[in-house]
Amino acid sequence: MFGHGRPPMGGRGPHARGPVDTSTEVKRIDKTNAVFCMKNGFLSMTKKEENGEEKVYDRVFLHRAFPFELLWEYVSVLDSDQIEIGIIYKIDEFEGEEKEILVTELKRKYYEPVIKTITSLKERYGFSYWEVVCEDGRNVKFTMQDTFRNIIRVGDDRAILLDVDGNRFVIESIMGLDKKSHKKIELYM
């Protein structure tokens, strides 16, 4: 009656539960209203609420809104129930030890070994098997499925590779790879 099984205009459908949050207010977190520190090995935050009271979050999580492009901007801060408290517009707004704590936490969560050399790349039955040397000198082996879909180009010269286990690897400069490595990967670019 309404076409293609969609709910009527303005309706939420027969399976909708609970009230709809229609607020679009973004709560900004910066050095004027929040202090971050490590407590018992976990990131915590004390935030000054709008009413002037301070609220302590014993454990918070950081989540990049744009994990491939804006690494240090638009970082969501979530509480222990994974509910967003607010957004840090730029990590650079923080200074000193506090900034270092935030950067370290993001690097830990979004650990991405940087590939410097591709020593071997073989494809069999829809899987590609990679042997690479990373920036820190480690030799790493990983497997990718559907390689074309799991190499994400970021800009003209950067690429993110996603392996079958969900790990991310980065090639900072495709053109900066040595000739042998570039030849191995150019089929997928």
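Since the model is a prediction, treat every value here as computed from it, not as a measurement.

Caption draft 1: Quick peek at the pairing of strand S8 (residues 127-134). Judged by which residues are buried, S8 turns out to be one-sided: Ser128, Trp130, Val132 and Cys134 face inward and are buried, whereas Phe127, Tyr129, Glu131 and Val133, on the alternate face, are not. Bridge analysis of strand S7 (residues 115-124) against S8 gives 8 bridges, and the strand direction is antiparallel. By the bridge assignment, Lys122 is partnered in S8 with Tyr129. Between S7 and S8, which follow one another and run antiparallel, lie 2 residues, and Tyr125 among them has a positive phi close to 50 degrees. Two elements, S8 and strand S9 (residues 139-145), share 7 bridges in a ladder whose sense is antiparallel. Paired with Val132 across the two strands is Val140, which belongs to S9. Taking the residues that link successive antiparallel strands as the turn, the S8-S9 hairpin has 4 residues, and the phi of Gly137 there is positive, at about 90 degrees.

Caption draft 2: Up close: the sheet that holds strand S5 (residues 73-78). Taken in spatial order, the 3 strands line up as S4-S5-S6 in an open sheet, and their pairing is antiparallel. The sheet terminates laterally at strand S4 (61-64) and strand S6 (84-90), the two strands that pair on one side only. Averaged over all pairs of adjacent strands, the angle between their axes in this sheet comes to 30 degrees, without regard to strand direction. Pairing analysis gives 4 bridges linking S4 to S5, with the strands arranged antiparallel. Looking across to S5, one finds that Arg64 is bridged to Val75.

Caption draft 3: Representation of the pairing of strand S2 (residues 42-48) within the structure. With 6 bridges connecting them, strand S1 (residues 34-39) and S2 associate as antiparallel partners. When the sheet's bridge partners are listed, Phe36 is paired in S2 with Met45. Counting the residues in the hairpin turn of S1 and S2 gives 2 residues, including Asn40, whose phi is positive at 55 degrees. Alignment of S2 against strand S3 (residues 54-57), held across 4 bridges, turns out to be antiparallel. In the strand pairing of S3, Lys48 is matched with Glu54.

Caption draft 4: Representation of the sheet that holds strand S10 (residues 151-154) within the structure. Pairing in this open sheet of 3 strands is antiparallel, and the strands run S10-S11-S12 from one edge to the other. Two strands in the sheet have a free side with no partner beyond their single neighbour: S10 and strand S12 (168-171). Shown here is a sheet whose adjacent strand axes are inclined to one another by a mean of 20 degrees, direction ignored. In this structure, strand S11 (residues 158-162) lies alongside S12, joined through 4 bridges in antiparallel fashion. Directly across from Leu161, in S12, lies its bridge partner Phe169.

Parameters at a glance
Residues numbered from 1 in each chain as written. Predicted model: local features only at pLDDT ≥ 70, side-chain atom pairs only at ≥ 80, totals over all residues. Heavy atoms only, no water. Buried < 20%, exposed > 50% of the residue type's maximum accessible area, 1.4 Å probe, protein only. Helix = DSSP H or I, 4+ residues; strand = E, 2+ residues; numbered from the N terminus. Pairing = 2+ DSSP bridges. Axes fitted to C-alpha atoms, helices over the stretch in contact; angles between N-to-C directions.

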